Amino acid sequence: MNSHSRIIGGGWKAVLSVLRYSGKIGPIKLIQTLRSKNACKACAFGTGGQNGGFKNETRRGIEVCNKNIQAHLSDIRAGISPNIFLEKSVSDLARLTGKQLEDLGRLTTPLYKKAGDSHFSPIDYTQAKALVAERLKAAVPSRSFFYASGRGSNEAAFILQLMARLYGTNNINNCSYYCHQASGVGLNATLGTGTATIQYDDLDKADCIFVFGANPASNHPRFVKTLIQCRRRGGKVIVVNPAKEPGMVRFASPSDWRSMVKGGEEIASAYVQPHLGGDIGLMQGMAKWLVENERCNLDFVSAYTEGFDRFAKSVLSLEWAEIEQSSGLPRAQIEQVARIYAEAENAVFSWSMGLTHHQHGVGNIETLVALALLRGMIGRPGAGLLPLRGHSNIQGTGSMGFTPALKKAVEEKLEQKLGGELPAAQGLDTMACMQAAHQRDMDFAMMLGGNLLASNPDTCFATEAMNRVGFKCFITSTLNSGHVQGVEGETLLLPVRVRDEELQPTTQESMFNFVRLSDGGINRFPQLPSEVDLIREIAEAVVDEQRFDFSVFRSHQRIRQFISDVVPGFEQLANIDASRQEFTIDGRTLHKPAFATANGRGHFVFHPMPKRSHMGVWRNHKGQHEFTLTSVRSEGQFNSIIFDERDTYRGQTERWVVLMNPSDMALCGYEDNTTVDVSTATGVMRQVKVKPFDVRTGNIMAYYPEANVLIPRDLDGRSQTPGFKSVTVYVE
């Protein structure tokens, strides 16, 4: 369709990217951190731990990717001179881009700003910790909240959520509410588990892998290597994405010499481009074909599931015209994909936020589960479900109870061990905390990593909400926009050591439920405290010693012993310091069809297909062109962190662009680089350049977090996840 179709993912562009980052870091420093026995700091597919930095959890081959290098780039930078904060006001810093803030370097001293101050001022750690404790004690627990990203450790997440509960609040949430919460809700409701049902090496047995709503070429490059290997075995890879991502068409893995020599290998056996929000229509169309053509595994369905008859009746009643209208796909293409699935012996379904970032996100997941259950693709080796998690330890953060409600078994064991009850009030999820802050009902907030501001929809609302929190404490390693915007109130930045700098070992959990042990030990900034120790010291000052003595956690091994006693599946954590044996969490992998639902069966659930008002671009009565928008990340980005303004895999040199199908551009009278305003009732992006890209007609793309100004605060009612991926916008 355009020159972008000739771009491949990975390859020498990835190698040059690594060399460029290496030049900034210093090759010796880079090799030191890559070789260390610490879990990868990028995505949860990851490598590292006791297998060494170049090995995945199957211990085979050499693994390295530019996402990992990007993450290290943040940590190996030089420290920011404190003089910068004397020279630049907060408003000066707020005008810098995310990349410019990142490029300033590592934070090396606590920074404090009183409400109304124009500048941050350096203070020492003793003053900073005393200030946090004082503000916490002065605040009402119900008017406080705690938030965590997934870049920290299990140990840090566990003791911070424990401190918060003993302090008196359940307003404890993590960034999964804005990413994979819909996955957890949907999986738990249908299967009784909220995580992947497979282990890493199950991918080696699969002969059909679906990739729904994800761009692993940019976000999980190591996963693309497994897709290449699946194709080499004669297997099929089905990519479902409204945008034709070049790296998912053809990819060269730098850690696979064959693909590099060949100039890349084909990834997608079939590339399906539904409308944004059209996945339920596609999946139910596939299910309709399977039922009509008797290609279901009825023995499995009868023995291990419930609700099939009702589900089958519902999909059979669907008309192909309405399936095509909702999905945006022709019947023939849906049937083609269904036939490929019907021929598979072992199918794995993987997905990311292209399925969860909708107001029907849980419906997407439950429909995907139904599609897998139809052929018995859950509950045996080589087949199952794989949510592609972003942050390297976001799954571990949730396992450690960094959630508004603890799992019942964890709560009971924790109360028994503590000898007292925990707060009973219902905790607030992430958006509920933001809404309370906007209503001036939050006096205190502590953020463990991440960028809560940039993670929110409706940027204006989010900024106002953060401005209205009386005291904000950020535990962080570098500056981001959330530290310099929305900080009109009292604000404290507490720099800490990162994972490979920790003074004692820590643990992390991969998306395959595999727990790694990271040694830490690199001493880049001797003045920085351990993330775990800093939280413990604050907890010691806040929680009465008679309630719980946090000083026992001066040894990380004691934290792990405590976790092993109260979190089911983590019993092996108690001996990991001595054994150095990493492990898969018990009770999560489904290699047998034994589901942890009330009746032990997998549940079929039918959801009505989302309706679309039109199939393509539409001109409304105001003369505006109406599209459906999705926000996306670039290759030079990890979550909200921008490492490079370029997006080499999509052929883009800047981020203030909207990507549009060339036929839609012609229909609207736009040319390459035409500037337009993109608006919703929530906000507007002005003077954005239109760029051609192979995205489904009637749909457009813009970069996150810039596009957040357009995204309304409309949530999936069950997961409370915003609909970042299917927003009606107006272009003029």
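Per chain, residue numbering runs from 1 following the sequence as it is written. Totals for whole chains, interfaces and linings use all residues, but because this is a predicted model, local features are given only for residues with pLDDT of at least 70 and pairs of side-chain atoms are given and counted only at 80 or more. Hydrogens and water molecules were not included; the side-chain quantities draw on all heavy atoms of the structure.

K.L.:
Could you clarify how one ought to interpret the sheet that holds strand S13 (residues 384–387) in this entry?
P.N.:
Two pairing modes exist for strands in a sheet, parallel and antiparallel, and in both the strands are linked by backbone hydrogen bonds. Paired strands, in this sense, are two strands between which DSSP finds at least two bridges. Here a helix means four or more residues in a row that DSSP labels H or I, a strand means two or more in a row labelled E, and each is numbered from the N terminus. Sheet architecture is open: five strands sit in the order S10-S7-S6-S12-S13, paired in parallel fashion. Looking at the sheet topology across the chains shown, the edges are occupied by strand S10 (270–272) and S13. Neighbour to neighbour, the strand axes of the sheet diverge by 15° on average, direction disregarded. In this structure, strand S6 (residues 208–212) lies alongside strand S12 (residues 347–351), joined through five bridges in parallel fashion. Counterpart to Cys 208 in the pairing with S12 is Ala 347. Packed on one face of the sheet, helix H20 (residues 361–374) meets S6, S12 and S13 and runs near 170° to S12. Each axis is a line fitted through C-alpha atoms, taken for helices only over the stretch in contact, and angles between the N-to-C directions span 0 to 180 degrees. Contacts: residue pairs with any heavy atoms within 4.5 Å of one another.

K.L.:
Can you help me understand unusual backbone geometry in this one?
P.N.:
For residues besides glycine, phi is generally negative; the peptide bonds are generally trans as well. Note that the residue after Tyr 704, namely Pro 705, is joined by a cis bond; omega there is 5°. In this fold, Pro 705 is placed in the loop between strand S28 (699–703) and strand S29 (727–731). The residue Arg 440 is not glycine, and still its phi comes out positive at about 65°. Along the chain, the position of Arg 440 falls in the loop between helix H23 (430–438) and strand S14 (444–448). Unlike most non-glycine residues, Asn 639 shows phi in positive territory, near 50°. Structurally, Asn 639 is set in the loop between strand S23 (637–638) and strand S24 (641–642).

K.L.:
Explain helix H11 (residues 221–232) to me, please; I cannot follow it from the model alone.
P.N.:
Within an α-helix, residues lying three or four positions from one another point in the same direction, as the helix has 3.6 residues per turn. A helix is expected to reach a length of 1.5 Å times the quantity of its residues less one. A rise of 1.5 Å per residue sets the reference length of H11, with its 12 residues, at 16 Å; its end C-alpha atoms lie 17 Å apart and thus fit the reference within 8%. Residue burial is assigned from relative accessible area. The probe radius is 1.4 Å, only protein chains are included, and a residue is buried under 20% of its type maximum, exposed over 50%, and partly exposed in between. Across the 12 residues that make up H11, a large majority, nine, are buried. Following H11 by one or two positions, Gly 234 adopts a phi angle in the positive range, close to 90°.

K.L.:
Got a minute to help me understand the packing of H23 against helix H25 (residues 459–467) in this structure?
P.N.:
Between two packed helices, both the angle of their axes relative to each other and the distance between the axes serve to describe the pair. Interaxial distance between H23 and H25 falls to 7 Å at its minimum, and their mutual angle equals 65°. With respect to H25, the axis of H23 lies roughly perpendicular. Helix-helix and strand crossings are classified by hand; for H23 and H25 the assignment is left-handed. Note on element contacts: H25 touches H23 through Phe 461, Ala 462, Glu 464, Ala 465 and Met 466, opposite Met 431, Met 434, Gln 435, Ala 437 and His 438. Only Asp, Glu, Lys and Arg are considered charged in this grouping, and only Ala, Val, Leu, Ile, Met, Phe, Trp, Tyr, Cys and Pro are considered nonpolar; every other residue, Gly among them, is considered polar. A per-class count over the contact of H23 with H25 returns seven nonpolar, two polar and one charged. Orientation is classified from the angle alone, with under 35 degrees giving roughly parallel, over 145 giving roughly antiparallel, 65 to 115 giving roughly perpendicular, and any other angle giving oblique. Handedness of each helix crossing follows the sense of rotation of the near helix against the far helix: counterclockwise by less than a right angle gives left-handed, clockwise gives right-handed.

K.L.:
Please clarify how the environment of Asn 480 should be interpreted in this entry.
P.N.:
With respect to the element layout, Asn 480 can be found in the loop between strand S15 (471–476) and strand S16 (490–495). What makes Asn 480 buried here is its relative accessible area of 15%. Separated by 380 residues in the primary sequence, Asn 480 and Gln 100 place their C-alpha atoms 9.1 Å from one another. Setting aside anything within four residues of it in sequence, one finds Asn 480 in contact with Leu 101, Gly 450 and Asn 451. Between N or O atoms, a polar contact is any pair within 3.5 Å; within protein, one atom must be a potential hydrogen donor and the other a potential acceptor, and residues adjacent in sequence are included only when both atoms are from side chains. Within the structure, the side chain of Asn 480 is placed 3.3 Å from the side chain of Asn 451, a separation counted as a polar contact.

K.L.:
Please explain the packing of aromatic side chains as it appears in this structure.
P.N.:
Pairing of aromatic rings covers Phe, Tyr and Trp, the last counted by its six-membered ring, and requires centre-to-centre distances within 6.5 Å; plane angles under 30 degrees mean stacked, over 60 mean edge-to-face, and any other angle means tilted. Under the definition given, this model contains 23 aromatic pairs. Each ring, one from Phe 311 and one from Phe 604, has its centre 5.4 Å from the other, and the planes form 40°; the classification is tilted. In this pair, Phe 311 is assigned in helix H16 (residues 308–316) and Phe 604 in the loop between strand S20 (602–603) and strand S21 (618–619), connecting sequence segments 293 residues apart. A relative accessible area of 2% places Phe 311 in the buried class. Arranged with centres 6.4 Å apart and planes meeting at 85°, the rings of Phe 570 and Phe 583 form a pair that is edge-to-face.

K.L.:
What am I meant to see in the environment of Gln 652 here?
P.N.:
Note that Gln 652 resides in the loop between S24 and strand S25 (657–660). Linking Gln 652 and Thr 33, residues 619 residues apart in sequence, is a C-alpha distance of 31 Å. Here Arg 650 takes part through its backbone oxygen, which lies 3.1 Å from a polar atom of the side chain of Gln 652.

K.L.:
What is the right way to read the pattern of salt bridges from this model?
P.N.:
A pairing counts as a salt bridge when a side-chain nitrogen of Lys or Arg comes within 4 Å of a carboxyl oxygen of Asp or Glu. As enumerated under the stated definition, the model contains 41 salt bridges in all. Its salt-bridge partner being Asp 565, residue Lys 417 comes within 3.0 Å of it at the nearest N-O pair. With a gap of 148 residues between them, Lys 417 in helix H22 (residues 408–418) and Asp 565 in helix H27 (residues 556–566) connect regions that are remote in the sequence. Residue class for Asp 565 comes out partly exposed when judged on its relative accessible area of 33%. A salt bridge links Arg 524 to Asp 500; the nearest nitrogen and oxygen atoms lie 2.8 Å apart. With Arg 524 in the loop between strand S18 (514–518) and helix H26 (531–542) and Asp 500 in the loop between S16 and strand S17 (506–509), this residue pair connects regions lying 24 residues apart in the sequence. Given the relative accessible area of 0%, Asp 500 is considered buried. Connected via shared salt-bridge partners are Lys 41, Asp 75, Arg 106, Arg 151, Asp 500, Glu 501 and Arg 524.

K.L.:
In this structure, what is going on with the packing of helix H9 (residues 181–191) against H20? I would like to understand it.
P.N.:
As a packed pair, H9 and H20 sit with axes 8 Å apart at the nearest point and diverge in direction by 45°. Judged by the inter-axis angle, H9 sits oblique to H20. The crossing of H9 and H20 is right-handed. Where H9 approaches H20, its residues Ala 182, Ser 183, Val 185, Gly 186, Leu 187, Ala 189, Thr 190 and Leu 191 are matched on the opposing element by Gly 361, Val 362, Ile 365, Glu 366, Val 369 and Leu 373. When its residues are assigned to classes, the contact of H9 with H20 shows nine nonpolar, four polar and one charged.

K.L.:
Just to check I follow, could you spell out the nonpolar core for this structure?
P.N.:
Membership of the largest hydrophobic core comes to 62 residues, with the highest contact counts inside it found for Val 132, Phe 146, Leu 494 and Phe 550. With 10 residues, helix H8 (residues 154–167) is the single largest residue contributor to this core. Among all residues touching Phe 146, those that are not within four sequence positions of it are Leu 136, Leu 160, Met 163, Ala 164, Tyr 167, Thr 169, Asn 171, Ile 172, Asn 173, Phe 402, Phe 444 and Met 446. The nonpolar core is taken to be a set of buried Ala, Val, Leu, Ile, Met, Phe, Trp, Tyr and Cys residues, with the residues joined through side-chain atoms within 4.5 Å.

K.L.:
Hey, could you run me through the pairing of strand S7 (residues 236–240) in this one?
P.N.:
Along any regular strand the residues' side chains alternate between the sheet's two faces. With respect to burial, S7 is a largely interior element, four of its five residues being buried. Pairing analysis gives five bridges linking S6 to S7, with the strands arranged parallel. Pairing of Cys 208 across the sheet is with Lys 236, part of S7. Bridge count for S7 against S10 is three bridges, and the pairing is parallel. The residue of S10 that forms the bridge with Val 240 is Val 272.

K.L.:
Even after reading the chapter, I still don't get the sheet that holds strand S3 (residues 121–122), so can you show me in this structure?
P.N.:
A sheet is described by the order of its strands in space; here seven strands give the open sequence S3-S2-S16-S15-S14-S4-S5, paired in mixed fashion. Because the sheet does not close on itself, it has two edges, and the strands there are S3 and strand S5 (172–174). Pairing of strand S2 (residues 111–113) with S16 involves three bridges; the strand directions are antiparallel. Its bridge partner being in S16, Lys 113 is matched across the sheet by Thr 491. Against the sheet, helix H7 (residues 125–138) engages S2, strand S4 (144–148), S14, S15 and S16, with an angle of about 130° to S16. Docked against the sheet, H8 engages S4, S5 and S14, running at close to 170° with respect to S4.

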